[in-house]
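Secondary and tertiary structure notes
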Amino acid sequence: MSLFKARDWWSTILGEKEEFDLGCLCVADVDNSGSGQDKIIVGSYMGYLRIFNPHPVKPGDEVQPEDLLLEVQLREPILQVEVGKFVSGTEGLHLAVLHCRKLCVYAVSGTLGNVEHGNQYQIKLMYEHNLQRTACNMTYGPFGGVKGRDLICIQSMDGMLMLFEQESYAFGRFLPGFLLPGPLTYSSRTDSFITVSSCRQVESYKYQVLAFATDADERQETEQQKLSSGKRLAVDWVLNIGEQALDICVVSFNQAVSSVFVLGERNFFCLKDNGQIRFMKKLDYNPSCFIPYCSVKEGTINTLIANHSKMLNVYQDVTLKWATQLPYIPVSIKVANLQDLKGVIVTLSDDGHLQCSYLGTDPSLFQAPKVDSREINYEEFDAEMKKLQKIIKEATKTQDILPKSEKHRDVIVTAEVSPDLDAESQAIDSEVKAESVPSVTVKITIQSRVTAQKPNLAVCVQAPLAVTCDQFVFDDLEPDSSETVMLSVFLKGNCSPSELEGNCLVSYNRPTELNPEGIPKVAECNFSLPLRLICFPAQPSKAANHKITIDTNKPPISFVTIFPDFVDPSEDDQTNVLGFQFLTGSKTTLLASKTSQRYRIQSDQLEDLWLITKQLKLRLEEHFKKQNCKDFACTFSGSIPLQEYFELIDQHFELRLNAEKFRELLSERAVQFRAIERRLLTRFKDKTPAPLQHLDTLLEGTFREVIALADAAEENQANVFQAFTKLKSATHLVIMLISLWQKLSADQVAILEATFLPLAEDTQELGWEETVDAAISYLLRTCLSKSSKEQALTLGSQLCMPKDTSRLKKNITLFCDRLAKGGRLSLSTESATQQAVVMPGGCTTIPESDLEERTVIPGSTATLPSQGQMAKQKSKPALSEDAAEEAEKP
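Our subject in this report is the structure included herewith. A quick note: this is a predicted structure, and the numbers were derived from the prediction, not measured.

Scoring rules and cut-offs
Residues numbered from 1 in each chain as written. Predicted model: local features only at pLDDT ≥ 70, side-chain atom pairs only at ≥ 80, totals over all residues. Heavy atoms only, no water. Helix = DSSP H or I, 4+ residues; strand = E, 2+ residues; numbered from the N terminus. Buried < 20%, exposed > 50% of the residue type's maximum accessible area, 1.4 Å probe, protein only. Contact = heavy atoms within 4.5 Å. Areas by Shrake-Rupley, 256 points an atom, 1.4 Å probe, with all protein chains shown as cover. Polar contact = N/O pair within 3.5 Å; in protein donor to acceptor, adjacent residues only side chain to side chain. Core = buried A, V, L, I, M, F, W, Y, C linked by side-chain atoms within 4.5 Å. Pairing = 2+ DSSP bridges. Axes fitted to C-alpha atoms, helices over the stretch in contact; angles between N-to-C directions. Salt bridge = Lys/Arg side-chain N within 4 Å of Asp/Glu carboxyl O. Parallel < 35°, antiparallel > 145°, perpendicular 65-115°, else oblique. Nonpolar A, V, L, I, M, F, W, Y, C, P; charged D, E, K, R; others polar.

1. Notes on the overall build of the chain
- Looking only at helices and strands, the chain has 15 helices and 42 strands in total.
- The 890 residues of the chain split such that 44% are buried.
- Contacts in the chain between residues far apart in sequence, at least 24 positions, make up 61% of those at least 6 positions apart.
- Of the roughly 48,800 Å² of accessible surface on the chain, a fraction of 51% belongs to carbon and sulfur atoms.

2. Section: the side chain of Gln-581
- Position of Gln-581 relative to the elements: it lies in strand β39 (residues 577-582).
- Within the local environment of Gln-581, its side chain forms a polar contact with the backbone oxygen of Ser-586, the two atoms lying 3.5 Å apart.
- Ignoring any residue separated from it by four or fewer positions in sequence, one finds Gln-581 in contact with Ile-534, Cys-535, Phe-536, Ala-538, Ser-586 and Lys-587.

3. Notes on the nonpolar core
- Counting 99 residues, the largest nonpolar core has Leu-457, Ile-534, Phe-563, Tyr-645, Phe-815 and Leu-825 as the members making the most contacts within it.
- Beyond its immediate stretch of four places on either side in the chain, Leu-457 contacts Ile-444, Ile-446, Asp-470, Gln-471, Phe-472, Phe-474, Val-485, Cys-504, Leu-505 and Val-506.
- Counting 18 residues, the second-largest nonpolar core is a separate cluster that includes Cys-26, Val-30, Leu-69 and Ile-78.

4. Topic: the sheet that holds strand β31 (residues 453-461)
- The four strands lie next to each other as β33-β31-β35-β36, forming an open sheet whose pairing is antiparallel. Each edge of the sheet is formed by a strand with only one pairing partner; in this case those strands are β33 (471-473) and β36 (519-528). Strand-to-strand twist of the sheet, defined as the mean angle between neighbouring strand axes without regard to direction, takes the value 15°.

5. Description of the pairing of strand β27 (residues 341-349)
- Relative to β27, strand β26 (residues 330-338) runs antiparallel, the two being bridged by seven bridges. Each residue of the ladder has a partner; that of Pro-330, found in β27, is Ser-349.
- Where β26 folds back on β27, the antiparallel hairpin that results is connected by two residues, among which Gln-339 adopts a positive phi of roughly 50°.
- Summarising the sheet, β27 and strand β28 (residues 353-358) pair through four bridges and their orientation is antiparallel. Following the sheet pairing, Thr-347 is matched in β28 by Gln-355.

6. Description of the pattern of salt bridges
- By the definition in use, this model includes 26 salt bridges.
- The shortest N-O distance in the salt bridge between Lys-521 and Asp-410 comes to 3.3 Å. Of the two residues, Lys-521 sits in strand β36 while Asp-410 sits in the loop between α3 (378-397) and β29 (411-417), which places them 111 residues apart along the sequence.
- We classify Asp-410 as buried; its relative accessible area is 6%.
- Two residues, Asp-650 and Lys-809, come together in a salt bridge whose shortest N-O distance is 3.2 Å. Placement of Asp-650 in helix α6 (residues 642-685) and of Lys-809 in helix α11 (residues 806-820) is noted, with a sequence separation of 159 residues between them.
- Each of Asp-410, Arg-449, Arg-510 and Lys-521 takes part in one network of salt bridges that share partners.

7. Points about the packing of α6 against helix α9 (residues 768-781)
- It is at 10 Å that the axes of α6 and α9 come closest, and there the two elements cross at 130°. With respect to α9, the element α6 is oriented oblique. Facing α6, whose interface residues are Tyr-645, Ile-649, His-652, Phe-653 and Arg-656, α9 presents Trp-768, Glu-769 and Glu-770.
- Across the contact of α6 with α9, the residue classes break down as four nonpolar, one polar and three charged.

Written out as structure tokens, the structure reads:
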């Protein structure tokens, strides 16, 4: 928009290091010259009052000394300047100047000069009012419908409206529910004051209501005296706009209806006299000031809105008609008639840039300088082009979205977890019902090789785990310096976590020569928490509802070796059996076979098997890695516990349905509550009191129902969180069993985790069930598809909460069946096509009835044997489940 710049007609800079704000600018014929030309009045927080009458010979001329009519220092900061009929006995215009504790009214007059120095201007103090309270802003108008004079209303910082009938003080009223002052204006059409409260509501108060309300000076009197002195101050109408307002303006033109304009922080509102919205405009920028003015089109109003991007937008109602560039950010804007030029835009910045401009499209006259002609060296250009093409080719080789890690990082963050639990637990507000909740100390060190500005450390652990402090703010780090913090981690929620891991993230700015403020950068590290944080050794249990068996290719290892923190070396009976008691109350048992290379994990809860199984696998891998054994492997040849897994899915989904029902019930009761409130308010406002007809009893009963429903919804939300945590633990377990069963690679396991664990948090708008169903459906029609017909199917673009989980459970069963028949996970379309070629007839169509029959298997598991097992079953009979259990008993 370089072409659409505001054309400079006249401009100047006021003083040095002076500050200005919204009320410091006013335009009017303050000296009553009768010529119809406006003067520009400017007051500053330094106490300077200036009056200008610009008259350049041609646009853009330098400021002439005679343009400044008057400059005086009033010793006190000037908050606002206004021009009106403020002196009794005359209808001439006078200048009102608002200070923090004083209101002064001046007469501006000029004396005709007889020499070349021009006219002489001076101000004369007509009267002043000393204020008992600190002023914020003021407005004026013919309050009460008076003719030929203007009254002044001042809003104080503590919410009092002080009204002055010219030379005398009339009365003062406190606004109800006041917290912070907002913009204030007066509407002569409705004879009311309009402001925006700290509740972000536009409020209108009638002048007559203010006049007859209780006097502010009598607020300290007794209740009986209050009742006798006047009525309570009541608002005429209220409109909630949901944001703080920057300014309010009331306009009334002949060709347009009277309107109230409110400029918010993100929206622009136009209201009717009764508070109803005529229209509103959502702004995609931060506005700084505005001014409505008369439009040439009947029934519309033009508005100038300036923003913090140094732009001035012209709107006709809600339609953008023009946009122009300003040289600074204005804090106040006016439209004036200067030197027979109507519609001059007068803007003032916070540092004193005063400009009179007009809109136009005449471009700035800029002529490009001549460049010295030189011969072109094509060989150098070719060499440079080849070099750039090589760099581009190297950059486009990698398809990584994230940049590669630097060899030497600027900031390194490390986390060291204490090997022992805290002697004195640091657990705070834990919901666990155990006798004692342990905690473990984590030491985090930040090392900086360069200057790091504004470093912030955030520590995150997965709920229901919690930390004693999760945010740290440091001073700027110098090169080769470090910072160390200590914190404790403990179990806060009354359920076992699905992960025993944490994350540290340091955000900082690294300054450069081109950017002294710094380039934002991050450094992070992960840390693992000990198993003793959530469970402790206990007596093993013989019976359990859920059992899984992990096969290995190495002889079983004594638990004294791999679980030294849970086994007492003096107890020989714990070398091949070990019990874990979780803080939440459940128990898990781990057994090692004496005759075979198997380990069994059993528990009454399916989700409790996950962490123990994971710890067993990690500790076995770490043990054999220390023994330099590279061929150690774990496998799983049992049945995937899909039926038990489906039960957890149903529990979680049922709680989500309950949350939706609670939301609907709360909405109904809230509507009922508001309807009863409206009826009660109508009865209370009625001048002739009518019986309540038990509306108060109905209101109280509805209120109790709303509170009870809110408590039930909150309790259900806590149950949803616990169910989702259990579901995540069971999902991790199913992912591990599938990966061991099919011997998946690391990339395939990553696809499996992204499919079954796509969400860090579960919400009503986007839940686990619909997200996982969409991900599995995508894999079934791509890499696990059995024909090109399935690949042509399209998925819905919108995720919504399903009615039940039957489709999800069928897709999960079909997903495992496709894997059992040789399907392989991949995200590329080429491999999916090859997969369909490799498996001719391998994935036949499974009827819905057959799928349902296969889902319901005795023993609550879905048996999905691998291809190797199917080959072995042809050569020898399979052992029964009871016989296998007897063979595996240690």
